[in-house]
Amino acid sequence: MASKSILNILGKGKPSKIQKPQSVSSPSRVLDLNLGDGWEVASQTCLIYTPKPTRKEDEARSEAQVSKDLKTKVAAFDLDHTLIKSKSGAKNFSIAPTDWKWLFPSVPQKLRELADQGFQVLIFTNQGVTVVKKDSKSMGNFTTKMQLIFCQLPVKLYAACRLPKKTVSLDGKDFRKPSTEMWQLALLHLGISKDDIDMENSFFVGDAAGRPDDFSDSDKVFAHRIGLTFHVPEEYFV
Ligand SMILES: [Mg+2]
């Protein structure tokens, strides 16, 4: 695909409108496809990956349920150029499932520490070149890559992908940031509302911050709409 088309999908050059934080409402549809191996699809275009929890994580979750008065701390991240980058040097996206490396060496250890500290670690990523369709090469590459990256880490991933050509969305939802649809879906999955989130200690890290060299400000606006503290990756990981 031409780089111009990719940038169009990502919304280059169109600063997102700053809005007040939105209230959380339940999506009308939740999951409409279970692909197995931890993969599910919501509203035809949002791919969700939940790694199998380890025994230790299962125990930690049970303990958390006992102390229900505790609010949920969320550590949320963008994916590309926030947690990982391509190994090959491909500018926008990796060209194969193994074409990735951590953006900073400290990333996996940091994600593990956050989970051990009781944070729900969530990833919200726009994947405009990934088509959600059975036997789609782009979806196969993406799901394989994510399993390689996150099978050892307690993180949950939400990816706003795109419909195959000539396919019309059943409910018209747009999950791409700065829309907050992925966040609302995550709350629904966790079985909590915004009032259950420890907003003071929760945060979002992303590289699309509207700086002069950034392709967009979608991460910053996403965090602002939810009401989360925002950091850029070099500020958070270095
Ligand atoms: Mg990014």
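What counts and how
Residues numbered from 1 in each chain as written. Predicted model: local features only at pLDDT ≥ 70, side-chain atom pairs only at ≥ 80, totals over all residues. Helix = DSSP H or I, 4+ residues; strand = E, 2+ residues; numbered from the N terminus. Buried ≥ 20, exposed ≤ 12 C-beta atoms within 10 Å, placed from the backbone. Contact = placed C-beta atoms within 7 Å. Expected span 1.5 Å × (residues − 1). Arc of directions from axis to C-beta. pLDDT = per-residue confidence, 0-100. Core = buried A, V, L, I, M, F, W, Y, C linked by C-beta atoms within 7 Å.

### Observations concerning the overall build of the protein
Piece 1. For the protein, the helix and strand inventory stands at 7 helices and 10 strands.
Piece 2. When the 238 residues of the protein are sorted by exposure, 34% land in the buried category.
Piece 3. Counting only contacts in the protein whose residues sit at least 6 apart along the sequence, the fraction spanning at least 24 positions is 69%.

### Concerning helix α4 (residues 137–150)
Side chains of residues three or four places apart in an α-helix project in the same direction, reflecting 3.6 residues per turn.
Piece 1. With 14 residues, α4 ought to run about 20 Å at 1.5 Å a step, and its terminal C-alpha atoms sit 20 Å apart, in line with that.
Piece 2. Listing the buried residues of α4 in full gives M139, F142, T143, M146, I149 and F150. All buried residues of α4 lie within an arc of 130 degrees about the axis, which places them on one face of the element. In α4, the exposed positions that point more than 90 degrees away from the buried face belong to K137 and L148.
Piece 3. In this structure, the buried side of α4 is in contact with β2 (39–42), β3 (46–49), β5 (84–85), β7 (119–131) and β8 (155–162).

### Examining helix α3 (residues 107–116)
Piece 1. Taken as a whole, α3 has its buried residues at V107, L111 and L114. Buried residues of α3, viewed axially, fall in a sector of 60 degrees; they line one side. Residues Q109 and D116 are exposed on α3 and point more than 90 degrees away from its buried face.
Piece 2. In this structure, the buried side of α3 is in contact with β4 (73–77), β6 (101–102), β7, β8 and α7 (233–237).
Piece 3. Trailing α3 by a residue or two, G118 shows a phi angle of about 95 degrees, which is positive.

### Topic: the confidence of the model for the protein
Piece 1. Mean pLDDT for the protein: 83, with 79% of residues reaching 70 or above.
Piece 2. Taken together, the stretch residues 1–14 has pLDDT below 50 and engages in 18 contacts with residues farther than four places along the chain or on a different chain.
Piece 3. Within the model, pLDDT remains below 50 along residues 18–29, and this stretch shows 23 contacts once partners closer than five positions in the same chain are excluded.

### A few points about unusual backbone geometry
Piece 1. Going from K177 to P178, the amide bond is cis rather than trans, its omega being 15 degrees.
Piece 2. Note that P178 resides in the loop between β8 and α5 (181–190).
Piece 3. Within the chain, Q44 stands out as a residue other than glycine whose phi angle is a positive 70 degrees.
Piece 4. On the secondary structure map, Q44 appears in the loop between β2 and β3.
Piece 5. A positive phi angle is found at D135, which is not glycine, with a value near 70 degrees.

### What to know about the nonpolar core
Piece 1. Counting residues in each nonpolar core, the largest one holds 46 residues, and the members touching the most others are C46, A76, L122, I123, L157, Y158 and M182.
Piece 2. Here this core takes 6 residues from β8, the largest share from any one element.
Piece 3. The residues contacting I123, other than those within four sequence positions of it, are F77, L79, V155, L157 and Y158.

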